[in-house]
Amino acid sequence: MTTGDAGSAAAGGMFENRLRKNARHFRKWARARGLTAFRVYDRDIPEYPFAVDLYGEHVHLVEYPRRKALKGGLEEQRAEVLAAVSTVLEVPEARIHVKTHLPQPWGRSQYGRVGQGTERLVVEEQGLKFWVNLGDYLDTGLFMDHRVTRARVRDEARGKSFLNLFCYTGAFTVYAAAGGASRTLSVDLSNTYLDWAEENLALNGLSHSRHTLLRGDALAWVLAQAEAPEETFDLVVCDPPSFSTSKKMQGTFNVQRDHVKMLRALGSLLSPGGVLYFSTNFLGFELKDTAVRDYASVDELTPGSIPEDFQREHIHRCWRLVAPR
């Protein structure tokens with residue numbers, strides 16, 4: 001065995017050992033919290049840049065190759081990791097969904113299709129249920145890193161009106177509705193995501209006329225409403241994409257460029273003392289003072305908003321903003 005082969009074998013053993021240790025801890029941790037979807041490995045070892053997520057009896061395995069590795073070929077390591085994941089987690093390879101996260105040029109709105117086919121199943125999270133799709137795209141329909149903030153929303157929602165902007169598949173809406181929100185409005189540009197949100201509400205027995213789903217460009221809608229608000233909200237969640245473009249939109253959305261006008265406009269849609277949770281996954285994001293100067297208080301919740309099963313500190317940033325009374 002050459003020195004290189006020995007080093008590779010040692011690293012492979014480190015990966016398998018870390019995965020086994022993590023799985024033992026997080027399976028117990030997840031059971032105590034009512035989770036059937038959670039992360040068991042989060043690029044812990046630099047030589048093995050993978051994220052390993054359990055979704056019930058399935059595994060979602062995403063590779064984050066470094067640029068140097070992209071040139072050299074990755075098949076051997078992928079096969080090694082796949083075999084270790086199957087063995088340690090006791091999941092057959094047929095139920096392991098392997099994807100690769102490739103760096104995208106700034107200005108690309110979404111990652112394209114990276115999987116084959118559709119694999120839909122229901123997972124449980126803190127007493128609620130959600131549809132996920134492990135095929136097709138990198139995103140499965142449930143952003144697990146926002147689990148802590150979703151629980152906060154449920155705790156604060158009773159009797160309050162709730163607005164969910166860029167609502168995706170409506171997980172925050174389900175939490176607000178389950179927490180006793182008096183009414184909810186969820187806005188997204190995608191009919192696919194709105195249909196998914198409707199299915200998630202129905203899955204939890206929360207379908208009701210007081211929970212409204214609206215197809216629209218969230219930023220354009222907020223700016224229009226701010227000029228003459230039709231209604232205000234006690235509780236708002238705004239978790240926009242880093243960048244988005246669509247033929248259905250007015251121009252493009254860039255969270256760093258547009259957050260100032262968006263957050264200032266949202267202040268007009270909050271009831272006195274209303275609460276806004278704002279988050280972003282854009283690395284390097286800088287919250288401008290001009291965006292939040294009209295709020296009574298601004299508190300950053302990260303890193304406390306990141307669940308224990310997500311080991312990377314920079315997966316998102318999250319703030320709690322309160323409107324003046």
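Residues numbered from 1 in each chain as written. Predicted model: local features only at pLDDT ≥ 70, side-chain atom pairs only at ≥ 80, totals over all residues. Heavy atoms only, no water.

Visitor: Just to check I follow, could you spell out the sheet that holds strand 13 (residues 270–280) for this structure?
Guide: Paired through their backbone hydrogen bonds, the strands of a sheet run either parallel or antiparallel. In spatial order, the strands read 9-8-7-10-13-15-14; together these seven strands make up an open sheet with mixed pairing. The sheet is open, and its two borders are formed by strand 9 (211–215) and strand 14 (297–300), each paired with just one other strand. Ignoring which end each strand starts from, the neighbouring axes of this sheet average 15 degrees apart. Where strand 7 (residues 161–165) and strand 8 (residues 183–188) come together, five bridges link them in parallel fashion. Bridge pairing in strand 8 links Phe162 to Thr184. (Pairing = 2+ DSSP bridges. Helix = DSSP H or I, 4+ residues; strand = E, 2+ residues; numbered from the N terminus. Axes fitted to C-alpha atoms, helices over the stretch in contact; angles between N-to-C directions.)

Visitor: Whenever I open this one, the pattern of salt bridges confuses me. Can you help?
Guide: When the charged atoms of two side chains with opposite charge come close together, those side chains can pair. For the structure shown, the criterion picks out 15 salt bridges. Asp42 is the partner of Arg39 in a salt bridge, and the nearest nitrogen-oxygen pair spans 3.0 Å. The pair formed by Arg39 and Asp42 is uniform in burial state, with each residue classed as buried. What emerges from the salt-bridge pattern is a single network uniting Glu125, Arg147, Arg150 and Asp309. (Salt bridge = Lys/Arg side-chain N within 4 Å of Asp/Glu carboxyl O. Buried < 20%, exposed > 50% of the residue type's maximum accessible area, 1.4 Å probe, protein only.)

Visitor: Help me understand the sheet that holds strand 3 (residues 58–63), please; the structure alone is not making it clear to me.
Guide: Taken in spatial order, the four strands make up an open sheet running 1-2-3-4, and their pairing is mixed. Both outer strands of the open sheet, strand 1 (37–42) and strand 4 (96–100), are each paired with one neighbouring strand and no more. Taken over all neighbouring pairs, the strand axes of this sheet differ in orientation by 20 degrees on average, direction set aside. Bridge count for strand 3 against strand 4 is five bridges, and the pairing is parallel.

Note that all results are geometric; they support no functional claim without further evidence.
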